[in-house]
Amino acid sequence: MMKKLGLAIVVGSALSGPMPLMAHEPVTPLIAQACAGCHGQSGEGLGAVPRIAGKDRAVFIATWEAFRAGEKPATIMNRIAPGYTESEVAALADYFSALRAEP
Amino acid sequence: MTRLTRRSFATFLGASALTLAAPATLRAQTGPRLLVIGGGFGGASAARFARMAYPEVAVTLVEPWPTFITCPYGNLILGGKQTLPRITHSYDGLRARGVNVVQDRAIEIDADAKSVRLAGGAVLGYDKLILSPGIALQWGAIEGYDEAAAEVFPHAWMGGDGSQITNLRRQLEALPEGGVVGLAIPANPFRCPPGPYERISMIAHYLKQANPRAKILALDAKEGFSKQGLFQDGWAELYGDMIEWVPGNLDGRIVRVDTENRLFISEFGEEHRVDVGNVIPPQSAATIAIDAGLADETGWVPIDPRTFAARAASDIHVIGDATIAPPMPKSGYVANSTSKVAVAAALSELTGRAAPEDPVFFNTCYSHVGADYGISVVGVYRVTEDGIVETPDSGGISPRGPLSDLAEQRRLEAVYADGWYASITRDMFS
């Protein structure tokens, strides 16, 4: 679990060059913190906001791209999706797919 | 900053002695010290994130109130859709995570000594400071509007002990049949740009049932406002002619209030008699930020947008409504989003972790216009050489159009707004 998490973080910050050895891994990569405000710190979802933790990586990306293209009905995800690059979406998919699917 | 009172001199001596006597070993045992001032959307999010992501760091949170009452969803109390207990949050969840929550008011920052003095007399040292102090209301900026006047014409623009929003709700319940509710709304910038208009909506939602002949007179210092088209569509659809909004160029700016005669007086001298008055006065960064010399002549705090370090003090990261960070709004979500980048930037050196290089900030502001009627504005923000910019071709407001076409969109946005509230308060307090 922590190894997978670490991988997601390395992918997420691959843009920022070499990283020092880390004593503790951040819980959620910074890029995914934006999602936490509605979907929860671990993507657990709450109320009507869907759970995204444990979502299959390919499905996560395909869903995102459908939102980006306006091909999937949405209230706000169609406005959010175009704001992120493909590599950022890949980092988000890495992170959320590595989390447990069940609460 | 250089004035040495007896107390701060003693602290200075104490701190020096400790530093001399206890080099790296003690530091390693106790870990770096992060001090967070303010337990709202910025500060609570920062403290929680710091404990989760940097467990080796000792986190102290200073907050004067024993519980936090959110401004978001406060308007729903006016609309009869929420109650005060349901928007009141305990700091016990943060305590359980190991945050040292100190209930006191921070009154003075000594950036040179890296310490903060509290009203109760204690002085807290820090390695890094996250300052999320919120706003100060500009008493007297509207002539006659001071703390005493706010008991008659509540502002209800700070959570505090909840008495302001409760006062306003009580007055609405006592409004004479067919009476006038007046709102005075400030120029930009101010806390929560769509807030006054959600408030108008929620007051109308209540009056439509309880007092349908009542009128809402919204007197605005501005010519336009956040999500204006969406709000005005909703007002026309749901509330007919109950709401009159007067922009600044039509003499909407209120410059004086007379609580005895219940008058709002405009720039050009027109007197509006109101049965219930809600004055949202002009604002600045909270006093502690101004006293510490962190604010500029506008009264707000300039920051480095990549780290949220104050331009005037690199070890103090300022987040939330007190900052100058356009085009991002002064919203709870922005405070939450930026808090994590600020913590990561503040702690990178102390913990040997990578600093965030290309931060992405995120905002969604939901507003409730009526029952089952939500609207939103979304923004994804990045830092360029021109400062903070909205990511092109993304974000923006909910679609406009006739309610018959968009009823499901509006209903879902109201439901998702509730989900947002539950999630973000969990991200602050659990």
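Residues numbered from 1 in each chain as written. Chains lettered and ligands numbered in written order. Predicted model: local features only at pLDDT ≥ 70, side-chain atom pairs only at ≥ 80, totals over all residues. Heavy atoms only, no water.

**Observations regarding the nonpolar core**
Phase 1: Within the largest apolar cluster, 135 residues are counted, with the highest numbers of intra-cluster contacts made by Tyr-84 of chain A together with Ile-216 and Trp-235 of chain B.
Phase 2: Ranked by residues supplied to this core, first place goes to helix 11 (residues 332-351) of chain B with nine residues.
Phase 3: Counting residues domain by domain, this core receives three or more from each of domain 1 (6-64 + 104-136 + 285-356) and domain 2 (139-281 + 365-426) of chain B.
Phase 4: Setting aside anything within four residues of it in sequence, one finds Tyr-84 of chain A in contact with Ile-31, Ala-34, Trp-64, Arg-68 and Val-89 of chain A together with Val-360, Phe-362, Val-380 and Arg-382 of chain B. (Core = buried A, V, L, I, M, F, W, Y, C linked by side-chain atoms within 4.5 Å. Buried < 20%, exposed > 50% of the residue type's maximum accessible area, 1.4 Å probe, protein only. Helix = DSSP H or I, 4+ residues; strand = E, 2+ residues; numbered from the N terminus. Domains from an automatic or database assignment. Contact = heavy atoms within 4.5 Å.)

**Some words on the packing of helix 3 (residues 41-53) of chain B against helix 12 (residues 403-429) of chain B**
All names here are of chain B.
Phase 1: With their axes 6 Å apart at the nearest point, helix 3 and helix 12 run at an angle of 60 degrees to one another. Judged by the inter-axis angle, helix 3 sits oblique to helix 12. For the pair formed by helix 3 and helix 12, the contact residues are Phe-41, Ala-44, Ser-45 and Arg-48 on the first element and Ile-424, Arg-426, Asp-427, Met-428 and Phe-429 on the second.
Phase 2: Counted by class, the contact of helix 3 with helix 12 contains five nonpolar, one polar and three charged residues. (Axes fitted to C-alpha atoms, helices over the stretch in contact; angles between N-to-C directions. Parallel < 35°, antiparallel > 145°, perpendicular 65-115°, else oblique. Nonpolar A, V, L, I, M, F, W, Y, C, P; charged D, E, K, R; others polar.)

**Some points on the sheet that holds strand 2 (residues 58-63) of chain B**
In a beta sheet, neighbouring strands are held together by backbone hydrogen bonds and run either parallel or antiparallel to one another.
Residues and elements named next belong to chain B.
Phase 1: Pairing within the open sheet is mixed, and its six strands lie in the order 5-2-1-9-21-20. The open sheet is flanked by strand 5 (100-103) and strand 20 (309-310), the only strands paired with a single partner.
Phase 2: Across five bridges, the pairing between strand 1 (residues 33-37) and strand 2 is parallel. Paired with Leu-35 across the two strands is Thr-60, which belongs to strand 2. (Pairing = 2+ DSSP bridges.)

**Some remarks on the confidence of the model for chain A**
Phase 1: For chain A, the mean per-residue pLDDT works out to 78, and 73% of the residues sit at or above 70.
Phase 2: pLDDT under 50 marks residues 1-26 of chain A. Its contacts with residues more than four places away, or in other chains, come to 31 contacts. (pLDDT = per-residue confidence, 0-100.)

**Structural notes on the interface of chain A and chain B**
Phase 1: Listed per partner, the contact involves 35 residues of chain A and 44 residues of chain B.
Phase 2: Of the roughly 3,100 Å² buried at the junction of chain A and chain B (both faces included), carbon and sulfur atoms supply 62%.
Phase 3: The largest share of the area that chain A buries against chain B comes from Leu-46, Thr-75 and Arg-79 of chain A, three residues that together contribute 22% of it.
Phase 4: Our count for the contact surface shared by chain A and chain B stands at three salt bridges.
Phase 5: The salt bridge involving Arg-382 of chain B is made with Glu-88 of chain A; its shortest N-O contact spans 2.7 Å. (Buried area = accessible area lost by both parts, 1.4 Å probe. Salt bridge = Lys/Arg side-chain N within 4 Å of Asp/Glu carboxyl O.)

**Quick word on the pairing of strand 25 (residues 387-390) of chain B**
All names here are of chain B.
Phase 1: Inspection of the sheet shows strand 24 (residues 373-384) paired to strand 25 by four bridges, in the antiparallel sense. Of the residues in strand 25, the one forming a bridge with Arg-382 is Val-389.
Phase 2: Two successive antiparallel strands, strand 24 and strand 25, enclose a turn made up of two residues.

**Concerning the pattern of salt bridges**
Phase 1: Tallying each qualifying case throughout the model produces 23 salt bridges over all chains.
Phase 2: The network of salt bridges with common partners includes Arg-48, Lys-340 and Asp-427 of chain B.

**Concerning the packing of helix 3 (residues 57-68) of chain A against helix 5 (residues 86-98) of chain A**
Residues and elements named next belong to chain A.
Phase 1: The geometry of helix 3 relative to helix 5 is characterised by a closest axis approach of 9 Å and an angle of 140 degrees between their N-to-C directions. Relative to helix 5, the element helix 3 lies oblique. The interaxial crossing formed by helix 3 with helix 5 has right-handed handedness. For the pair helix 3 and helix 5, the contacting residues are Arg-57, Phe-60, Ile-61, Trp-64, Glu-65 and Arg-68 in the first and Glu-86, Val-89, Ala-90, Leu-92, Ala-93, Asp-94, Phe-96 and Ser-97 in the second.
Phase 2: Its residues placed into classes, the contact of helix 3 with helix 5 shows eight nonpolar, one polar and five charged. (Left-handed = near helix turned anticlockwise from the far one by under 90°.)

**Comments concerning the packing of aromatic side chains**
In this description, a pair of aromatic rings is defined by centroid distance and the angle of the planes.
Residues and elements named next belong to chain A.
Phase 1: Counted according to the given criterion, the structure contains 21 aromatic pairs over all chains.
Phase 2: An angle of 70 degrees between the planes, with centres 4.8 Å apart, marks the rings of Tyr-95 and Phe-96 as edge-to-face.
Phase 3: Overall, the relative accessible area of 2% leaves Tyr-95 in the buried class.
Phase 4: Among the residues examined, Phe-96 registers a relative accessible area of 0% and is labelled buried. (Phe/Tyr/Trp six-rings, centres within 6.5 Å; stacked < 30°, edge-to-face > 60°.)

**Observations regarding the sheet that holds strand 14 (residues 254-258) of chain B**
Residue and element names in this part refer to chain B.
Phase 1: With respect to topology, three strands assemble into an open sheet ordered 14-15-16, the strand pairing being antiparallel. Lying at the two open borders of the sheet, with one neighbouring strand each, are strand 14 and strand 16 (271-273). Sheet twist, expressed as the average angle between the axes of neighbouring strands with direction ignored, equals 25 degrees.
Phase 2: With three bridges connecting them, strand 15 (residues 263-266) and strand 16 associate as antiparallel partners. Residue pairing for strand 16: Phe-264 is matched across the bridge by His-272.

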